[in-house]
There are 2 protein chains.
Amino acid sequence: MAMDSNTALTQLAADGADTPKGTRGSQSLADRLFYSLRKDIVEGRMPAGSKISEPELARRFDASRGSLREALMRLESLGLLERKVNVGARVVDLTERGLLELYDVREALEGMACRLAAQNRSEEDLVELRQMLHRHEQQEELQAGTAYFQPEGDFDFHFRIVQASNNDLLIDTLCNRLYYRVRMYRYQLGMASPRAHRAFREHSHIIDAIEAGDGELAEILMRRHIRASRSNIEKKLTNTD
Amino acid sequence: MAMDSNTALTQLAADGADTPKGTRGSQSLADRLFYSLRKDIVEGRMPAGSKISEPELARRFDASRGSLREALMRLESLGLLERKVNVGARVVDLTERGLLELYDVREALEGMACRLAAQNRSEEDLVELRQMLHRHEQQEELQAGTAYFQPEGDFDFHFRIVQASNNDLLIDTLCNRLYYRVRMYRYQLGMASPRAHRAFREHSHIIDAIEAGDGELAEILMRRHIRASRSNIEKKLTNTD
DNA sequence: AACCTATAAAGTGTCGACAATCTAGAAAAG
DNA sequence: CTTTTCTAGATTGTCGACACTTTATAGGTT
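Heads up: these notes are all about the structure in this document. (Residues numbered from 1 in each chain as written. Chains lettered and ligands numbered in written order. Predicted model: local features only at pLDDT ≥ 70, side-chain atom pairs only at ≥ 80, totals over all residues. Heavy atoms only, no water.)

Each helix and strand in chain A was counted, giving 9 helices and 3 strands. Beginning at the N terminus, the succession of helices and strands in chain A can be written as α-β-α-α-β-β-α-α-α-α-α-α. Relative to its 241 residues, chain A shows a buried fraction of 50%. The contacts in chain A between residues at least 6 apart in sequence include a share of 75% that link residues at least 24 apart. Total accessible area computed for chain A in this model is approximately 11,500 Å², and 47% of it derives from carbon and sulfur atoms. (Helix = DSSP H or I, 4+ residues; strand = E, 2+ residues; numbered from the N terminus. Buried < 20%, exposed > 50% of the residue type's maximum accessible area, 1.4 Å probe, protein only. Contact = heavy atoms within 4.5 Å. Areas by Shrake-Rupley, 256 points an atom, 1.4 Å probe, with all protein chains shown as cover.)

This is the structure we're talking about:
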């Protein structure tokens, strides 16, 4: 038997299971299954590497196998599931290599996002970024000394930057694809980066560069920021290994 | 009625419809539908922006609606289709903006691919790249003067470089996602880049940098290469506009 | 005891049918 | 004649059932 039977999966859209806001009524059952399962995978309630039985899951969510399969396939193309023909689906397993690969791709894409954001210099994006940074600053002061960003803070930052790039393809690739994998690693390997103050200053400088319209600098800073985070993880991994 | 009834779509896996080699037997009907439809969309036999009727398509391919829907959903997450709940699917339409966005994302990702390829410096990758470049050189001499790369040549190059990056996530993102959109634009807006000799020299220099293990230079050259192609297109578009 | 074979169970792939929803066109009101 | 409402047709979403493949189990053979 592949999965622990008493891991309590999310009720179907009982809580807001990461479902897009304001579209609650107009989504199919397969959609809701997709959102719930995505959350369960990201947050580790479906263990990485575990096999998935379609009939069992369908029963558990009280849905037909067809609708469930639709959700599973969307999860597959999200890169959260792997399916083999006539064999079935399993949750992807988290590997050191996969995590590092993720960092390299993010470095490239988020660097570009910064460059584009700086070229646009949208006023509303800038105020939002500033407000967010201010909130994070207060939080940091609150948790002084020992403090580090809770991962979600760092996440907000990267998310907002990408939005400001105004490139729909870039936004989709990062926010609707890669970030779920990022969060999966964070949740399950539980790596709260201990580089709090530095990260905050880096974020601040990046926003400065964007505000100044200096795309090249913004890109360089973001890439350095991500690469620093990567080295940090890499060190930790080779130690534990 | 949305689609011209006598546009001859590909027979199901009659020709090798872009199906992965060596796996002909072990693929589901939905897989074959997916490959065929992907080819039809990329090559414009299903016009960009046209609506898709599930029953009609299912009849045409002699498959059940369920299997077809599975293929459609995979096409959606490839970004080749857009689906609205209770309304249906339509082929994405090609916009100037979308094309330019594609270039920016490619610049970021393929630049990184070059950097990684240079860091690896795999011997086999290098001989393959050299051989390919040699083939292209001969073709170019053949078609002298008027000559330009047929798009496929340029495509081979970028494809191979990405493979040499040895980053599975990067490879998947580019080769299994973005490149189909690239080819869709090329087929349908029919833009054979007229910058032949220059492109060839640029390719050559990029490979040199990779061979020298100079990741930073390789990245810069690739990004410049792609940005040049982008400006070229941009100029053409604003003229015709 | 180890290994191969055959049978049974479970799981996936595919299909056709029904229910809910949207769309287009006709009928009615202004 | 224009606009609104309602009805009929078509399309999508969902489901349960069947066929085929894979996997696990039991039995026999060397």
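The next point concerns the packing of helix α1 (residues 29-42) of chain B against helix α7 (residues 168-189) of chain B. Residues and elements named next belong to chain B. Interhelical geometry of α1 versus α7 gives an angle of 45° and a closest axis separation of 8 Å. The orientation of α1 relative to α7 falls into the category oblique. Taken together, the residues of α7 that come into contact with α1 (itself represented by Arg 38, Ile 41 and Val 42) are Tyr 180, Arg 183, Met 184, Tyr 187 and Gln 188. (Axes fitted to C-alpha atoms, helices over the stretch in contact; angles between N-to-C directions. Parallel < 35°, antiparallel > 145°, perpendicular 65-115°, else oblique.)

Further remarks concern the nonpolar core. Within the largest apolar cluster, 81 residues are counted, with the highest numbers of intra-cluster contacts made by A:Leu109, A:Ile210, B:Leu109 and B:Ile210. Those residues in contact with A:Leu109, other than ones at most four positions away along the chain, are A:Leu170, A:Thr173, A:Leu174, A:Leu178, B:Val105, B:Ala108 and B:Leu109. (Core = buried A, V, L, I, M, F, W, Y, C linked by side-chain atoms within 4.5 Å.)

Expressed as a screw transformation, the operator carrying chain B onto chain A has a rotation angle of 180° and an axial translation of 0.0 Å, and the superposed copies differ by an RMSD of 0.0 Å. Here the symmetry operator amounts to a two-fold rotation axis. Taking the C-alpha atom as reference, chain B places B:Ala108 closest to the rotation axis, 2.6 Å from it. When you check the interface residues of chain B against chain A, 100% turn up at the interface there too, and the contact is symmetric in its surfaces. (Least-squares fit on C-alpha atoms with pLDDT ≥ 70 in both.)

Residues and elements named next belong to chain A. As summarised here, the arrangement of the 3 strands in space is β1-β3-β2, forming an open sheet in which the pairing is antiparallel. Edge positions in the sheet fall to β1 (51-52) and β2 (81-84), since each of these pairs with one other strand and no more. Two elements, β1 and strand β3 (residues 88-91), share 2 bridges in a ladder whose sense is antiparallel. Its bridge partner being in β3, Lys 51 is matched across the sheet by Arg 90. (Pairing = 2+ DSSP bridges.)

Taken together, 17 residues sit near DNA strand D, with A:Leu29, A:Ser64, B:Pro55, B:Arg65 and B:Arg69 positioned nearest. Take A:Leu29: an N or O atom from its main chain is 2.4 Å from a phosphate oxygen of DNA strand D. Here a phosphate oxygen of DNA strand D and a side-chain polar atom of A:Ser67 are 3.1 Å apart. Taken together, the elements giving at least two residues each to the surface near DNA strand D come down to α1 (29-42) of chain A together with β1 (51-52), α2 (54-61) and α3 (65-77) of chain B. Taken together, the residues of the surface near DNA strand D sort by class into 6 nonpolar, 6 polar and 5 charged. (Near = heavy atom within 4 Å. Polar contact = N/O pair within 3.5 Å; in protein donor to acceptor, adjacent residues only side chain to side chain. Nonpolar A, V, L, I, M, F, W, Y, C, P; charged D, E, K, R; others polar.)

Taken together, the 3 strands give an open sheet; going across it, the order is β1-β3-β2 (chain B), and neighbouring strands pair in antiparallel fashion. The two strands at the open ends of the sheet, each matched to only one other strand, are β1 and β2 (81-84) of chain B.

Inspection of the secondary structure puts B:Arg230 in helix α9 (residues 215-240). Other than its neighbours up to four places away in sequence, B:Arg230 contacts B:Leu100, B:Tyr103 and B:Asp104.

This part covers the pairing of β2(A). If a strand is regular, its side chains alternate between the two faces of the sheet. All names here are of chain A. Two elements, β2 and β3, share 4 bridges in a ladder whose sense is antiparallel. Paired with Lys 84 across the two strands is Gly 88, which belongs to β3. In this antiparallel pair of consecutive strands, β2 and β3, the connection spans 3 residues, and Asn 86 shows a positive phi of 65°.

Right, let's talk about α7(B) for a bit. Residue and element names in this part refer to chain B. Here α7 spans 30 Å end to end across 22 residues, near enough to the 32 Å set by a 1.5 Å rise per residue. The principal kink in α7, of about 45°, is found at Leu 178. Where burial is concerned, most of α7 is hidden: 16 out of the 22 residues are buried. In this structure Asn 167 caps α7, since a side-chain oxygen of it lies 3.0 Å from the backbone nitrogen of Leu 169. (Expected span 1.5 Å × (residues − 1). Bend = angle between axes of the 7 residues up to and from the residue.)

Attention now goes to the interface of chain B and chain A. Listed per partner, the contact involves 34 residues of chain B and 34 residues of chain A. Both faces considered, chain B and chain A share a buried interface measuring about 2,700 Å² in area, 54% of it formed by carbon and sulfur atoms. Three residues, B:Met73, B:Met112 and B:Leu169, lead the burial of chain B against chain A; their summed loss comes to 20% of the area buried on that side. For the pair chain B and chain A, the interface holds 10 salt bridges. Here A:Asp172 and B:Arg177 are joined by a salt bridge, their closest N and O atoms 3.6 Å apart. In this assembly, chain B and chain A are joined by 13 residue pairs in polar contact (both at pLDDT 80 or more). Where the side of chain B that touches chain A is concerned, the elements lending two or more residues are α3, α4 (96-120), α7 and α9 of chain B. (Buried area = accessible area lost by both parts, 1.4 Å probe. Salt bridge = Lys/Arg side-chain N within 4 Å of Asp/Glu carboxyl O.)

On to helix α4 (residues 96-120) of chain A. Residue and element names in this part refer to chain A. With 25 residues, α4 ought to run about 36 Å at 1.5 Å a step, and its terminal C-alpha atoms sit 36 Å apart, in line with that. Most of α4 sits out of view: 21 of its 25 residues are buried. In the stretch just after α4, Arg 121 is the one whose phi turns positive, near 55°.

All right, on to the protein's contact with DNA strand C then. Taken together, 18 residues surround DNA strand C, and among them A:Pro55, A:Arg65, A:Arg69, B:Leu29 and B:Ser64 come closest. Backbone atoms, meaning sugar and phosphate, make up 73% of the atoms of DNA strand C lying within 4 Å of the protein. Contacts to DNA strand C include A:Arg69, whose side-chain N or O atom sits 2.4 Å from a phosphate oxygen. Here a phosphate oxygen of DNA strand C sits 3.4 Å away from a polar atom, N or O, in the main chain of A:Asn86.

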